[in-house]
Amino acid sequence: SALKDSRFPPMTRDELPRLFCSVSLLTNFEDVCDYLDWEVGVHGIRIEFINEKGSKRTATYLPEVAKEQGWDHIQTIDSLLRKGGYKAPITNEFRKTIKLTRY
């Protein structure tokens, strides 16, 4: 993703001294029945959904992402849907169809 991720501009040589690396170990995966059954800043979440073309898509955020962005549950879910390529309007009814796994 440093050079060829369409979501971000490529890194530049000037950015190299400011880069750091971290590793996240994803454990304790739990499927939940409600897409709101997770805590901002505590759980990472992975969603699975069927997009407007009928294809299964997924997206995930690590536990720190929603907190760092200042997002609530709905903002995080909606951002994940967009990250996963969902382009249609997002309704509360559609959110209820999401399969959510927290970790």
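Small disclaimer: the values here were computed from a predicted structure and weren't measured. (Residues numbered from 1 in each chain as written. Predicted model: local features only at pLDDT ≥ 70, side-chain atom pairs only at ≥ 80, totals over all residues. Heavy atoms only, no water.)

Some points on the pairing of strand S2 (residues 45-50)
Step number 1: Two elements, S2 and strand S3 (residues 56-61), share six bridges in a ladder whose sense is antiparallel. Across the sheet, Ile50 pairs through a bridge with Lys56, a residue of S3.
Step number 2: Hairpin connection from S2 to S3: five residues lie between these consecutive antiparallel strands, with Gly54 at a positive phi of about 90°.
Step number 3: Relative to strand S4 (residues 99-102), S2 is paired through four bridges, and the arrangement is antiparallel. Looking at the pairing, Ile47 lines up with Leu100 of S4. (Pairing = 2+ DSSP bridges. Helix = DSSP H or I, 4+ residues; strand = E, 2+ residues; numbered from the N terminus.)

Focus: a nonpolar patch on the surface
Step number 1: The grouping of Leu3, Met11, Leu16 and Leu19 at the surface amounts to a nonpolar patch, some 370 Å² of accessible area in total.
Step number 2: Note on placement: Leu19 falls in the segment before strand S1 (30-32).
Step number 3: Take Leu19: its relative accessible area is 44%, and that puts it in the partly exposed class. (Patch = residues over 30% accessible without salt bridge, like charges linked within 9 Å, V, L, I, M, F, W, Y side chains within 5 Å. Areas by Shrake-Rupley, 256 points an atom, 1.4 Å probe, with all protein chains shown as cover. Salt bridge = Lys/Arg side-chain N within 4 Å of Asp/Glu carboxyl O. Buried < 20%, exposed > 50% of the residue type's maximum accessible area, 1.4 Å probe, protein only.)

Focus on the pairing of S4
Step number 1: With three bridges joining them, S1 and S4 adopt antiparallel strand pairing. Opposite Val32, over in S4, you have Leu100 as the bridge partner.

Points about the packing of aromatic side chains
Step number 1: Counted according to the given criterion, the structure contains five aromatic pairs.
Step number 2: Residues Phe29 and Tyr103 carry aromatic rings whose centres are separated by 5.2 Å and whose planes lie at 40° to one another, so their mutual orientation is tilted. Here Phe29 is found in the segment before S1, whereas its partner Tyr103 is found in the segment after S4, with 74 residues between them in sequence.
Step number 3: A relative accessible area of 47% places Phe29 in the partly exposed class. (Phe/Tyr/Trp six-rings, centres within 6.5 Å; stacked < 30°, edge-to-face > 60°.)

What to know about the environment of Thr58
Step number 1: By secondary structure assignment, the location of Thr58 is in strand S3.
Step number 2: The exposure class assigned to Thr58 is partly exposed, which follows from its relative accessible area of 37%.
Step number 3: The sequence separation of Thr58 and Asp37 amounts to 21 residues, and the corresponding C-alpha distance is 18 Å.
Step number 4: Every residue in contact with Thr58, bar those within four places of it in the chain, is listed here: Arg46, Ile47, Glu48, Phe49 and Gly84. (Contact = heavy atoms within 4.5 Å.)

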